[in-house]
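Okay, here's what each chain looks like letter by letter:
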Amino acid sequence: MEFILAILIGIFYASGLYMMLRRSLVKLIIGLILIGNGANLLIFLLGRITKGLPPIIPGESPVFLKAYADPIPQALILTAIVISFGLQSFAIVLVKRAYSVVKTDDLDQMNSTDQFS
Amino acid sequence: MKTIILKTASNYLLPLLMLFSFFILLRGHYLPGGGFVGGLIAAIAFVLHAFANGLENTKHLIRIHPGFLMPVGLALAFTSGLAPIFYAGLPFMTGIWFPEPLSVIGMVGSALFFDIGVYLVVIGVSLTIIFTITESA
Amino acid sequence: MIQHIVLYPILIQVFIAILLLFCWSRVHWQKVISVVGSFLSLGIAIILFITTWNEGTLTVQAGGWDAPFGISFVSDTFAATLILLTAISGLAVSVFSVGTILPARLKFGYLPIFHFLLLGLNGAFLTGDIFNLYVWFEVIIISSFVLITIGGEKAQLEGALKYFTLNIFASMIFLTAVAVLYGITGSLNMADLSIKVAAIENRGLVEVSAVLFLIGFGIKSALFPLYFWLPASYHTPPPAVSAIFGGLLTKVGVYAIIRVFTLIFVGDVFLENIILTLAGFTLVSGALGALVQNNIVKIFSYLIICHIGYMILGLGLVSELAIAGAVFYLIHDIIVKTNLFMVSGLIYRIKGTFSMRDLGGLYAKYPLLSLLMAIPFFSLVGIPPLSGFWPKLALITESFKMSNYWLIAAVLFATFITFYLIAKIWSEVFWKEGKVLPKLYNFRYFDKLKLEKKVQIVAPIIFLAFVSLFIGFGAEYIQQLALRVANELTNNQHYVQSVLGEQMIAN
């Protein structure tokens, strides 16, 4: 399971980077989303995958009885998902505005702020 | 979208989804759920209504501007965080609880008010975003 | 409880932002609340600084959950100093925004977002948890995206797109680094990480995580090969936005680099060499970039990059005196860069252009204002009694001790180019015979403004000029402060003890 997830994360990062390096604005956003999902999966994987175990230890047991699920990665991923939800919706609006103002979705055409003036 | 099936269904689904979102909000302290998910479900209820009946009707249904929910929710969450400092001299955001459980809701504490704040903010933010995108499309 | 004061700089900004959101369409009230609130937060920052100075490091555990499990907020001298500087520049920029930002932008929530940005900055400086730092960084970048795009002009949107993409990418790398670090240590509390990372056998993984952090923060603080978003975007928004960006945003990246590499990843020669090399290249390439520009805001943007090099250099040299130099430079740079962008805003108000070719004759028309503007310009260069001189002295002395002559050459080169550029700006903008420019239609020139507006534009510049004069002439106190910060950073047991408590260390 870990092995498959590790390969999947690699694919997410690689395809995300590939999409970001395209010239189209929409592909740029898709790339960012893919990398974000890759990072979330990575946190999930590095929190050690445990199957069907509760994260909460009963109050009466003084020590950790046996293996238990780590709740922190889930909290982290949830936070990261919430943040990326906000960022992505902003990104979509921004790209839409930029497209209607600059009138192109080719990133190579958007170089007026870099030009010497 | 003018389909009569969706239109009829959305009229029944709106109150059901709202109820479900409250349920999710209230069970969120110990079980899966909470303010964020509840807020998203409530927002989806309104978005579905907007798909079926048009944006104007949904806005008329909500009456207030959804953006106004953001400061209200933030203020609620903020005060629930501040409450332990002023009531008990405990650090920011420490959970303080009423001693007796209420019927139906169960134990009520500052965490519940924080979650309600999150719920309102999420509804406000998602509806503002979606309405803005829909209007400019 | 005296510890509660650690959270107040964060809470006050949330409070102001909520109040401002309630007055969404009442722009006049927003202006009053923003300025009054900034004064209050300056007061709180001063109290926090004095308390931290007297009592030592203060810690508060949010929610009452104990240290390695909950989120800690820590105010050591470094954090308290930066909170104070944020409050000072925040106040200045708040007044300057009230004076210069167009009503159309204020109506779209400029001021609430501005205070959310300050909230993020305060949170990032105070937090003692690495994931919480990520969350504050996101608060900062989301607010800055809104500030940079508000108004929606063509150049703004193009600049914002580059700024946006690279900053999100940096956040993703930061998140990946946090994930790797959590995977190898199982902890997120920075004090706890400091102990756990030191005990890890597999140094390769630690180094991977460290380099990821360096890249993530490096993009945010505009280090050498990662800075191209900065000159493409910083000149596009209104000068008030550029001022807070130029003064504080890149410095949060520097703060994070200094914090992470003095607390968590300590004593790694490989990383120190990377940091030194990056610092040298940042100094040289930033200076060269600034050299060819004609637009004064673009020159300042490249100078931001160039001067980031000094602070990173101080960190890379590791010795206590060098870190003190870097901290001193950070203190000086926040105030001066904020002021420089506000000065460029004032120049734009007077003449209606940023181009050095068209500007001129400012000294003949406004001699007193020109003298005022000379203070930040010459502090930036570091003409001896002014504030930029002292930290460079410390950095060069320390580089000599390491007999690292390439670095000394880079520092001197960057200083020399800065000096040349300031001299060029001075002669082109102030001394050169002024051209008669075509009158801009629908543009409120400075001499046509009401007295109230003029005060709102000039007062913050005077305020920050006085602060930088104090940093220059009171260098003894600042050096004392910087040395104390450096001492706390190099001996990090104190920080760790304050967060985890005595008994946790024993276990």
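The structure under discussion appears in the preceding block.
So, a few notes on the structure that sits alongside this text.

## Describing the interface of chain C and chain B
Point 1. Taken together, the contact between chain C and chain B spans 12 residues of the former and 12 residues of the latter.
Point 2. Sorting the residues of the side of chain C that touches chain B by element identifies helix 1 (8-22) and strand 1 (58-61) of chain C as the ones contributing at least two each.
Point 3. The element best represented in the side of chain C that touches chain B is helix 1 of chain C, accounting for four residues.
Point 4. Split by residue class, the side of chain C that touches chain B holds eight nonpolar, four polar and no charged.

## Some remarks on the packing of helix 1 of chain C against helix 5 (residues 110-126) of chain C
Residues and elements named next belong to chain C.
Point 1. For the pair helix 1 and helix 5, the least separation of the axes is 9 Å and the interaxial angle reads 165 degrees. Classified by the angle their axes make, helix 1 and helix 5 are roughly antiparallel. In this structure, helix 1 meets helix 5 at a crossing whose hand is left-handed. The residues of helix 5 that touch helix 1, namely those facing Pro-9, Ile-10, Gln-13, Val-14, Ile-16, Ala-17, Leu-20 and Leu-21, are Leu-111, Pro-112, His-115, Phe-116, Leu-118, Leu-119, Asn-122, Gly-123 and Leu-126.
Point 2. In the contact of helix 1 with helix 5, the residues fall into 13 nonpolar, four polar and no charged.

## Section: helix 3 (residues 71-102) of chain A
Point 1. Taking 1.5 Å per residue as the helical rise, helix 3 of chain A with its 32 residues ought to reach 46 Å, and the 46 Å between its terminal C-alpha atoms agrees with that figure.
Point 2. If you check which residues of helix 3 of chain A are buried, you get Pro-73, Leu-76, Ala-80, Ile-83, Ser-84, Leu-87, Ala-91, Leu-94 and Ala-98 of chain A.
Point 3. For helix 3 of chain A, the elements touching its buried residues are helix 2 (25-46) of chain A together with helix 6 (130-149) and helix 7 (154-185) of chain C.
Point 4. Backbone geometry just downstream of helix 3 of chain A places Lys-103 of chain A in the positive-phi region, at approximately 65 degrees.

## A short note on the interface of chain C and chain A
Point 1. Facing the 30 residues of chain C at the interface are 26 residues of chain A.
Point 2. For the side of chain C that touches chain A, the secondary-structure elements that each account for two or more residues are helix 6, helix 7 and helix 10 (229-233) of chain C.
Point 3. Tallying contributions element by element places helix 7 of chain C first for the side of chain C that touches chain A, with 17 residues.
Point 4. Residue classes in the side of chain C that touches chain A are distributed as 16 nonpolar, 11 polar and three charged.

## A word on the nonpolar core
All names here are of chain C.
Point 1. Ranked by size, the top nonpolar core spans 253 residues in total, and within it Ile-83, Val-178, Ile-257, Ile-312 and Val-327 carry the most contacts.
Point 2. No other element matches the 19 residues that helix 7 contributes to this core.
Point 3. Setting aside chain neighbours within four positions, we find Ile-312 in contact with Leu-223, Val-254, Ile-257, Ile-275, Leu-278, Ala-279 and Thr-282.

Calculation rules
Residues numbered from 1 in each chain as written. Chains lettered and ligands numbered in written order. Predicted model: local features only at pLDDT ≥ 70, side-chain atom pairs only at ≥ 80, totals over all residues. Contact = placed C-beta atoms within 7 Å. Helix = DSSP H or I, 4+ residues; strand = E, 2+ residues; numbered from the N terminus. Nonpolar A, V, L, I, M, F, W, Y, C, P; charged D, E, K, R; others polar. Axes fitted to C-alpha atoms, helices over the stretch in contact; angles between N-to-C directions. Parallel < 35°, antiparallel > 145°, perpendicular 65-115°, else oblique. Left-handed = near helix turned anticlockwise from the far one by under 90°. Expected span 1.5 Å × (residues − 1). Buried ≥ 20, exposed ≤ 12 C-beta atoms within 10 Å, placed from the backbone. Core = buried A, V, L, I, M, F, W, Y, C linked by C-beta atoms within 7 Å.

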